[in-house]
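Take a look at the letters that make up each chain.
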Amino acid sequence: MGIEEKIKDIEEEIQKTPYNKATSHHIGKLKAKLSKLKEESLQRSSGGSKGQGFHVKKSGDATVVLVGFPSVGKSTLLNNITNAESKVGAYQFTTLDIVPGVMEHKNAKIQIFDIPGIITGASSGKGRGKEILSVARTADLILVVLDTFNPQHIDVILKELRAIGIRPNERPPDVTVKRKKLGGVKVSSTCKLTHLDEKTIRSILNEYGYINADVLFRDDVTMDQFIDVLDRNKSYVPMLILLNKVDLVDEAYIEELKKYIPEFIPISADKNTNIDELKDIIFDNLDLVRVYLKPQGRKADMEDPLVIKKGSTVIDACGKLHREFVKNFRHAKVWGTSVKFPGQKVGPDHVLEDEDVLRVILKK
């Protein structure tokens, strides 16, 4: 029996099994088996590279991926917000390969990929869907582009993203699992677990080959979230929903859609509606920090900042400048909101904030 047949059989058994306290451990075991088989299927289809079928060279300060059905206006949007020239046509499957562009905004160079329009069943391999969607696994932000007249496509897109191992707008569950040589399984938690009992936890662990382990729950996770933790291969990527072609509908229609999709950004790529606001929103959701560099004895360069991820330390900034800065680092001086006074001396682990000024002092 092939992998796809095994997947289908387990999915059918899960659907047939009534969910209650007595069956939860059995369902947990089935779901764990299913998750492992799906990952095996994904790796096989992509030559063991977890779906990276398209060769995509990442550059710039962050990466954004446009995801949507064919003909929703992704190519037009890409052309409006970047220097790319993606082929635009009012018919399906205009973009047959991944088109990269760079959006320069607030001194950041943000790489934006327009991936071919996905279709129902993409995560199962239809239309090279696995390779296409896998590009989104390593993105810093996913922009889902919906056609105003087909908002129901969001359900398909979310399903396909989840099937490829992406968890949009979720944070990784706070659960630690540590293998040990002896002593069996010990389960502890800092919160009440309302979705899992110990029998189910042990059943799922057993499926993943954990005979002896310490498990600590700091979150009240579901069965599926616990399986995600054990899979160790899920991508937790922030996501924004864009509703394109709003120039073709009235305000009442938009308000009615809010009942179905509570949060979306209305745009018109064709008429340039809300495009400048969208650039700001993209920048804000990437959690980027601009740091201005001050060479010794000279004024800070306030024109061309170093762009780093929020939460980055002084030594992270040094690593982005040059490896010699890391190797010969002595200390640094910082002016800005991250320090108590201007020019404060800081060490390598000091966390920088937006628009800080940094001077790095190297060993002689």
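Calculation rules
Residues numbered from 1 in each chain as written. Predicted model: local features only at pLDDT ≥ 70, side-chain atom pairs only at ≥ 80, totals over all residues. Heavy atoms only, no water. Pairing = 2+ DSSP bridges. Helix = DSSP H or I, 4+ residues; strand = E, 2+ residues; numbered from the N terminus. Axes fitted to C-alpha atoms, helices over the stretch in contact; angles between N-to-C directions. Contact = heavy atoms within 4.5 Å. Salt bridge = Lys/Arg side-chain N within 4 Å of Asp/Glu carboxyl O. Buried < 20%, exposed > 50% of the residue type's maximum accessible area, 1.4 Å probe, protein only.

(A) Molecular detail of the sheet that holds strand β14 (residues 356–362). Strand order in the open sheet made by the 5 strands is β11-β10-β14-β12-β13, with mixed pairing throughout. The open sheet has two edge strands, β11 (306–309) and β13 (344–346), and neither has a second partner. Strand-to-strand twist across the sheet, computed as the mean angle between neighbouring axes with direction ignored, equals 40°.

(B) Molecular detail of the sheet that holds strand β2 (residues 99–105). Read across the open sheet, the 6 strands follow the order β2-β3-β1-β4-β8-β9; overall the sheet is mixed. Of all strands in the sheet, those bounded by a partner on one side alone are β2 and β9 (265–266). Where helix α3 (residues 74–81) meets the sheet, it contacts β1 (62–67), β2, β3 (108–114), β4 (141–147) and β8 (239–244), and its direction lies at approximately 165° from that of β3. Lying on the sheet, helix α9 (residues 275–285) is in contact with β1, β2, β3, β4, β8 and β9; it crosses β2 at an angle near 90°.

(C) Focus on the pattern of salt bridges. For the structure shown, the criterion picks out 18 salt bridges. K320 is paired through a salt bridge with D61; the nearest N and O atoms lie 3.0 Å apart. Residue K320 is found in helix α10 (residues 314–321), and its partner D61 is found in the loop between α2 (24–45) and β1; the two are separated by 259 residues along the sequence. The exposure class assigned to K320 is partly exposed, which follows from its relative accessible area of 40%. Among the salt bridges present, the one from D228 reaches R167, with a minimum N-O distance of 2.7 Å. Of this pair, D228 sits in helix α7 (residues 223–231) while R167 is found in the loop between α5 (153–163) and β5 (175–179), placing the two residues 61 residues apart along the sequence. Neither D228 nor R167 differs from the other in exposure class; each is buried. Linked by salt bridges that have partners in common, R290, D354 and E355 make up one network.

(D) Up close: the pairing of strand β10 (residues 288–293). Of all 6 residues in β10, 5 are buried; the element is thus mostly enclosed. One ladder, built from 4 bridges, connects β10 with β11; its direction is antiparallel. From the neighbouring strand, V291 faces β11, where its bridge partner is L306. When β10 meets β14, the two strands line up parallel, connected through 3 bridges. Of the residues in β14, the one forming a bridge with Y292 is V357.

Function cannot be inferred from these measures alone, as they are strictly geometric.
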